[in-house]
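Coordinates in review
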Amino acid sequence: MSAPDSTNIHRYLDEVFADVPRSPESSDLKEELRGNLQSRVNELEAAGTTPEAAAAKAIRELGDIRDIINEVGDSEPATTPSQTAVRLMALNRVKPSPFYVVRTVVLALLLTAGIAAVALGATHVLDWSVASLAITAILSGAIVGVITVDALVHETSQHYAMPGGRAVGFGAAAFAGFVGLSFVGLFLGNFEELWLLVTGCVLAFASLVAFISLGVTQTNRMKPWVKDMQKAFTIEDGFSNDPAAAARFGIYTVIIWVIAIGAFIGLTITVGFAWSWIALLVGLAVFMLVLARMLFPNGTTKK
């Protein structure tokens, strides 16, 4: 068989499926691929690519699918959503670049070393000054932010790449959260350094607010084939059917943790850490109760 045309997705699919026996399974697969390719072509055309070049690039990104398509005609059709999901995952797999993998591994190793240094310094196993430990925590937090941004701007098998500005926002929130928690941990080993507690709580709270804000305004980055597969595994909840409930939950979360963190700081200053941690425990319990109540308001789910 001659090489299929790669400048028109419809002609390409017709040629690739020409020798495949017609069946509900092969027809479903063909239409699934058509939808995925068309979605990618539309995205490329919106970025300024010509239709022919967009079709060629979308087909090239999909990879060689003829072997998998031939298996549809030679084997028993998939009869369960799980089998279909495995097959579609293979068809839509996006391979990460080797440089990205190496970069992530190196950063992860540096992050591990930074976390170990902060933990050992907080427990006084390492004889480092508080300033040195704080700088190490900040540098480790920067690595967390870089890893977060790097991961979000890369396309995966399930998700399209996130816009750079929003990815940086998530990275900044991750940085603030990591540094805040690290400062609180350092304070537990150095009770005389109250600035660590105050700064850590402020950063942790800022991180929480940022994550909530970014989360409730996040658009759906899932690829079409993932959305279709989710329909077979849908569990309805209050947030899926009521965006206003999700927004209210975000507001409730901020209120709960503002009170909990404020109580934690106040109790630490007045009665000491021996009792102040209870405020965080109560805050977590209230948060989980509110989450359960709003996520499943009737106590039931639909299959």
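The structure this text deals with has already been given above.
Residues numbered from 1 in each chain as written. Predicted model: local features only at pLDDT ≥ 70, side-chain atom pairs only at ≥ 80, totals over all residues. Heavy atoms only, no water.

What follows deals with the overall build of the protein chain. Scanning the protein chain for helices and strands turns up 13 helices and zero strands. Along the chain direction, N to C, the helices and strands of the protein chain fall in the order α-α-α-α-α-α-α-α-α-α-α-α-α. Across the 303 residues of the protein chain, 34% fall into the buried class. Considering only contacts in the protein chain between residues 6 or more positions apart, those separated by 24 or more positions represent 68%. When the accessible surface of the protein chain is totalled, it reaches about 17100 Å², and 66% of it is carbon and sulfur. (Helix = DSSP H or I, 4+ residues; strand = E, 2+ residues; numbered from the N terminus. Buried < 20%, exposed > 50% of the residue type's maximum accessible area, 1.4 Å probe, protein only. Contact = heavy atoms within 4.5 Å. Areas by Shrake-Rupley, 256 points an atom, 1.4 Å probe, with all protein chains shown as cover.)

Leaving glycine out, the prevailing phi sign among residues is negative, and the prevailing peptide bond configuration is trans. Positive phi values are uncommon outside glycine, yet His124 reaches one of about 65 degrees. Take His124: it is sitting in the loop between helix 6 (98–122) and helix 7 (130–152). On the accessibility criterion, His124 (52% relative accessible area) is exposed.

As a further point, take the nonpolar core. If you look at the biggest cluster of nonpolar residues, it comprises 17 residues, and the most contacted ones within it are Phe183, Leu186, Leu196, Leu197, Cys201 and Phe264. Looking at this core, the elements with two or more residues in it are helix 6, helix 7, helix 8 (164–189), helix 9 (194–216) and helix 12 (243–270). Sort the elements by how many residues they give to this core and helix 8 lands first, with five residues. Those residues in contact with Phe264 that lie beyond four places of it in its chain are Leu197, Cys201, Phe273, Ser276, Trp277, Ala279 and Leu280. Of all hydrophobic cores here, the second largest spans 15 residues; its members include Tyr12, Leu33, Leu44 and Ala55. (Core = buried A, V, L, I, M, F, W, Y, C linked by side-chain atoms within 4.5 Å.)

What is shown is where atoms sit, not what they do.
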